[in-house]
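Per-entry structural report
The residues making up each chain are set out below.
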Amino acid sequence: MNENNLKNNQKVLYKLFYNSISNNRLSNCYLLYGDLNSPLKSTALYLAKSLSCQSGIFACDNCPSCKRFDLGKSPDSFFIDGSTETIKKNSIKELEEHFKYTSFEDNHIPTYVIHLVDNITEEAANSLLKFLEEPKQDIVAFLTSHNIDSVLKTILSRSTKVRVNPVDQKTYFSEICNLNYLSSNKDNKLSIFLSYVLSKITSSIEEINSILDNDLYVYSIEVVEDFFTLLVDNLKEAEYLLLSLACKIKDNKCYNYLFLCLSILLSDILSDNINEDCGIADTLTNIPLSKKQLVNIKSILEENYGLRRYNLNPIGTISRILKIIEVNNE
Ligand SMILES: [Zn+2]
């Protein structure tokens, strides 16, 4: 993220910050929200960095403060990442301690970023709320969420909500199509299907590379293509494919990608917005499930994957999906 990128792709947000910073009217807490492929983390970090930059309104990326920030060594800033693990009370405690004992650099506004704040325990959310309610100094918080409905109402009401636009789908999609499989047994360009799904589930090429680096993650996404194809011709085989996953996949993160992928394609079907770029458009138009069945499957996926939660019961989720599909066999 840089100033030009922000100016061109996030016009509303750019203007809001430009005005707030130049008029010294920053809010105490911003909640940046958007789709899975909206660059929430990089935007939040860039705005936080901008508040510690010595040069202009937006981070210059060259001054000592910006460089310290990029190295994660800025004394004025604290980062909690809810995308890698659930945010617990301990992390909020560390955040409080950080701001209690650190002396801030002159003319810098202390900031903290909590990425995917909806992935927080109730106890931690209450501590965070207390911290937000009693700002001891002018600290600015940047919270992010892909699922604004699951953010605690009391936190929402204390935040200035700003939407972050998704990345430009066409450019991003072709960038991903040019990547290669990293696994040992595949040495060609990514399948169209995989590229499409990846372009929808994250705005981060870094995350995409970490998925490509793991055969099982890739398998968990690509198996959905086989599942839909089987569903059209042979319901029983499709069911068997999902059931057999339990023997192959043990890692909950794999199921998380599987469910995300399923959910994205179901959304496309349900919104009559099947993208030709997905590689299996014809298959998706011929899925022999009723709208009601699709809606029911989607709501099971939503309540279980919580977008990024890993403490789910994947086999239970699969059984519930199969129950919905089985009706067609009777
Ligand atoms: Zn700077």
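Scope of this entry: the structure provided in the associated data block. Remember, it's a predicted structure, so these values are computed and weren't measured experimentally.

With that out of the way, let us pick up the overall build of the protein. When helices and strands are counted, the protein shows 16 helices and five strands. Relative to the 2.2 N^0.38 estimate, which gives 20 Å for 330 residues, the radius of gyration of the protein is 22 Å and therefore close to what a compact globule would have. Excluding contacts between residues fewer than 6 apart, the proportion of contacts in the protein whose partners are at least 24 apart in sequence is 76%.

Of all five residues that make up strand 1 (residues 29-33), five are buried, and the element is covered over most of its length. In the sheet, strand 1 pairs with strand 4 (residues 140-145) via five bridges, with the strands oriented parallel. Paired with Cys29 across the two strands is Ala141, which belongs to strand 4. For strand 1 and strand 5 (residues 160-163), the ladder comprises four bridges, and the chain directions are parallel. Considered in strand 5, the bridge of Leu31 is made with Lys161.

A separate point is helix 10 (residues 205-212). Those residues of helix 10 not exposed but buried are Ile208, Ile211 and Leu212. All buried residues of helix 10 fall inside an arc of 95 degrees around its axis, so they share one side. In helix 10, those exposed residues whose orientation departs by more than 90 degrees from the buried face are Glu206 and Asn209. Contacts from the buried residues of helix 10 go to helix 8 (169-177), helix 9 (192-201), helix 11 (215-233) and helix 13 (252-270).

So, about the nonpolar core. Among the nonpolar cores identified, the biggest contains 39 residues, and Val197, Ile221, Val224, Tyr257, Leu258, Cys261 and Leu262 are the most heavily contacted of them. Looking at this core, the elements that each hand over two or more residues are helix 9, helix 10, helix 11, helix 12 (235-248), helix 13, helix 15 (291-305) and helix 16 (314-326). Broken down by element, the residue count for this core peaks at eleven residues, all from helix 13. Counting residues in each nonpolar core, the second largest holds 38 residues, with Tyr33, Leu40, Ile120 and Leu143 among its members.

Read from one edge to the other, the open sheet built from five strands follows the order 2-3-4-1-5, with strand pairing classed as parallel. In the strand order of this sheet, the two ends are held by strand 2 (77-81) and strand 5, each with one partner. For this sheet, the mean inter-axis angle between neighbouring strands, taken without regard to orientation, is 15 degrees.

Helix 11 packs onto helix 9 with a crossing angle of 115 degrees between their chain directions and a minimal axis gap of 10 Å. On the basis of their axis angle, the class for helix 9 and helix 11 is roughly perpendicular. In the packing of helix 9 onto helix 11, the handedness of the crossing is right-handed. Across the interface between the two elements, Phe193, Leu194 and Val197 from helix 9 touch Val218, Ile221, Glu222 and Glu225 from helix 11. When the residues that make up the contact of helix 9 with helix 11 are grouped by side-chain class, the tally is five nonpolar, no polar and two charged.

You can see Gly279 is positioned in the loop between helix 13 and helix 14 (281-285). Linking Gly279 and Ile192, residues 87 residues apart in sequence, is a C-alpha distance of 5.4 Å. With residues near it in sequence (within four places) discarded, Gly279 still touches Ser191, Ile192, Phe193 and Tyr196.

Close contact between helix 5 (residues 89-101) and helix 6 (residues 122-133) brings their axes to 8 Å; oriented N to C, the two are set at 20 degrees. Considering the angle they form, helix 5 stands roughly parallel to helix 6. On helix 6, the residues that touch Lys89, Ser91, Ile92, Lys93 and Glu96 of helix 5 are Glu123, Ala124, Ser127, Leu128 and Phe131. Here the residues of the contact of helix 5 with helix 6 are counted per class, giving four nonpolar, two polar and four charged.

The next point concerns the environment of Ser145. Note that Ser145 resides in strand 4. Residue Ser145 is classed as buried on the basis of its C-beta count, with 27 C-beta atoms lying within 10 Å. Counting along the chain gives 104 residues from Ser145 to Lys41, while the straight-line C-alpha distance between them is 9.3 Å. Leaving out residues up to four positions away in the same chain, Ser145 has contacts with Leu31, Tyr33, Leu116, Val117, Asp118 and Val151.

How each quantity is defined
Residues numbered from 1 in each chain as written. Predicted model: local features only at pLDDT ≥ 70, side-chain atom pairs only at ≥ 80, totals over all residues. Helix = DSSP H or I, 4+ residues; strand = E, 2+ residues; numbered from the N terminus. Rg over C-alpha atoms; globule rule 2.2 N^0.38 Å. Contact = placed C-beta atoms within 7 Å. Buried ≥ 20, exposed ≤ 12 C-beta atoms within 10 Å, placed from the backbone. Pairing = 2+ DSSP bridges. Arc of directions from axis to C-beta. Core = buried A, V, L, I, M, F, W, Y, C linked by C-beta atoms within 7 Å. Axes fitted to C-alpha atoms, helices over the stretch in contact; angles between N-to-C directions. Parallel < 35°, antiparallel > 145°, perpendicular 65-115°, else oblique. Left-handed = near helix turned anticlockwise from the far one by under 90°. Nonpolar A, V, L, I, M, F, W, Y, C, P; charged D, E, K, R; others polar.

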